[in-house]
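Residue strings, one per chain:
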2 protein chains.
Amino acid sequence: MTVIFSKKCEYGLQAVLFLAAQKTGTVVSAVTISEVLKIPREFISKILQSLRDSGITRSTKGKSGGFCLAKPASEIKLIDIVEAIDGLEIFNSCVLGFPECSPVTPCPVHDSWGALRDQAFEMLSNETLDKLKDKTLSKIQSL
Amino acid sequence: MTVIFSKKCEYGLQAVLFLAAQKTGTVVSAVTISEVLKIPREFISKILQSLRDSGITRSTKGKSGGFCLAKPASEIKLIDIVEAIDGLEIFNSCVLGFPECSPVTPCPVHDSWGALRDQAFEMLSNETLDKLKDKTLSKIQSL
DNA sequence: ATAAAATCGGAGTATTTTATCCAAATAATT
DNA sequence: AATTATTTGGATAAAATACTCCGATTTTAT
């Protein structure tokens, strides 16, 4: 079960973190990413292709081709990947599914949930890929 | 799009809050709930039936039958509904979808996300249906 | 008794999400 | 030039989630 992001988004986050953990500019094939992260090959290809369209990754075709980041890891935030794949709607919609949940017509948990949601957004906006490099490397070791 | 709960769970939470906002012991039909909350009738029936199996609601058949809470609103927490429908897995699994995300092999956001997740759990465990009654009533007014 | 209004249970359908397959294009290597 | 390893794009398949249908049963009210 997914926690808050779609599987697509989880995979995208994992893959992009993985790319950021490589030496800058290293090109990694979808097969490698797929094997290391245990993500279906064709699926992660598609995800990285869509992230390329969003300007987050870059791809090179042909033998020894693959994927790498389109920008320095310090310029990519986790929220960018989330936005590109799942969108930002979750940070703007009611946790209980009520329509028009706003300060004027708040749901019963509007305030308490709102605070949490804002913290989550904040967190994802602060974390850049380079800040997470060391932690990503140790996680990869353990896989 | 759902925020963190399935549609089933969102609907369940809404319906149970609605029941808690009625005078104690009032029996409400699935049709009424469906109309007020704009939830497909057959769908909310099934959801309330499964919540009955979990001991949260009670149902009475026949004419003037319907659903009510199985216990006092003060004894039902939001987390109980979540647990009954979606389960508690989301409070115990990695937000990035990594396997074995634990203090020993943490994902890159293990600590920051963990804190948020615990707060969310806490919140859902503190909020009982009766505490939310007034807020629920105003929300229902606005629908 | 009969009719009306409700839940119940089980099966079925629709939609969305996740995943796979394959042929074509591209580029490096031999 | 041929081979190999890769991405690309489009179609398709499988699985999960969301939702519906309907006949049977139960209860109340006339």
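What comes next is a walk through the structure. Worth saying up front: this structure is predicted, and the values here are computed from it rather than measured. (Residues numbered from 1 in each chain as written. Chains lettered and ligands numbered in written order. Predicted model: local features only at pLDDT ≥ 70, side-chain atom pairs only at ≥ 80, totals over all residues. Heavy atoms only, no water.)

Before going further, it helps to examine the overall build of chain A. Along its length, chain A carries six helices and two strands. The order of α-helices and β-strands along chain A, N terminus first, is α-α-α-β-β-α-α-α. Structurally, chain A occupies a C-alpha span of about 55 × 30 × 25 Å along its principal axes. Per-residue burial over chain A gives 48% buried out of 143 residues. Long-range pairs, those at least 24 residues apart, make up 64% of the contacts in chain A with a sequence separation of at least 6. For chain A, the accessible area works out to roughly 7,100 Å², and carbon and sulfur atoms hold 50% of it. Chain A carries 17 positive and 16 negative side-chain charges, and their two centres are separated by 11 Å. (Helix = DSSP H or I, 4+ residues; strand = E, 2+ residues; numbered from the N terminus. Buried < 20%, exposed > 50% of the residue type's maximum accessible area, 1.4 Å probe, protein only. Contact = heavy atoms within 4.5 Å. Areas by Shrake-Rupley, 256 points an atom, 1.4 Å probe, with all protein chains shown as cover. Lys, Arg positive; Asp, Glu negative; His and termini not counted. Charge placed at Lys NZ, Arg CZ, Asp CG, Glu CD.)

Right, let's talk about the interface of chain B and chain A for a bit. If you look at the interface, chain B gives 41 residues, while chain A gives 41 residues. For the chain B and chain A pair, buried surface summed over both sides reaches about 3,700 Å², with 72% attributable to carbon and sulfur atoms. Where chain B meets chain A, there are zero salt bridges. Counting the contacts that link chain B with chain A gives eleven residue pairs in polar contact (both at pLDDT 80 or more). Those elements giving two or more residues to the side of chain B that touches chain A turn out to be α1 (7-20), α5 (110-126) and α6 (133-141) of chain B. For the side of chain B that touches chain A, the element with the highest residue contribution is α5(B), accounting for six residues. (Buried area = accessible area lost by both parts, 1.4 Å probe. Salt bridge = Lys/Arg side-chain N within 4 Å of Asp/Glu carboxyl O. Polar contact = N/O pair within 3.5 Å; in protein donor to acceptor, adjacent residues only side chain to side chain.)

Near DNA strand C, the surroundings consist of 26 residues, among which A:P40, A:F43, B:K46, B:R52 and B:S59 are the closest. Among the atoms of DNA strand C close to the protein, meaning within 4 Å, 60% are from sugar or phosphate groups. In this structure, a base nitrogen belonging to DNA strand C sits 3.3 Å away from a side-chain N or O atom of A:E42. Contact distances for DNA strand C include 2.7 Å between a base oxygen and a side-chain N or O atom of B:K46. Of all the elements in the fold, those that place two or more residues in the surface near DNA strand C are α1 (7-20) and α3 (41-53) of chain A together with α3 (41-53), β1 (57-60) and β2 (66-69) of chain B. It is α3(B) that contributes the most residues to the surface near DNA strand C, four residues altogether. For the surface near DNA strand C, the class distribution of residues is five nonpolar, ten polar and eleven charged. (Near = heavy atom within 4 Å. Nonpolar A, V, L, I, M, F, W, Y, C, P; charged D, E, K, R; others polar.)

All names here are of chain A. Direction of pairing for strand β1 (residues 57-60) relative to strand β2 (residues 66-69): antiparallel, over a ladder of four bridges. Paired with S59 across the strands is F67, a residue of β2. Joining the antiparallel neighbours β1 and β2 is a turn of five residues, in which G62 adopts a positive phi near 75°. (Pairing = 2+ DSSP bridges.)

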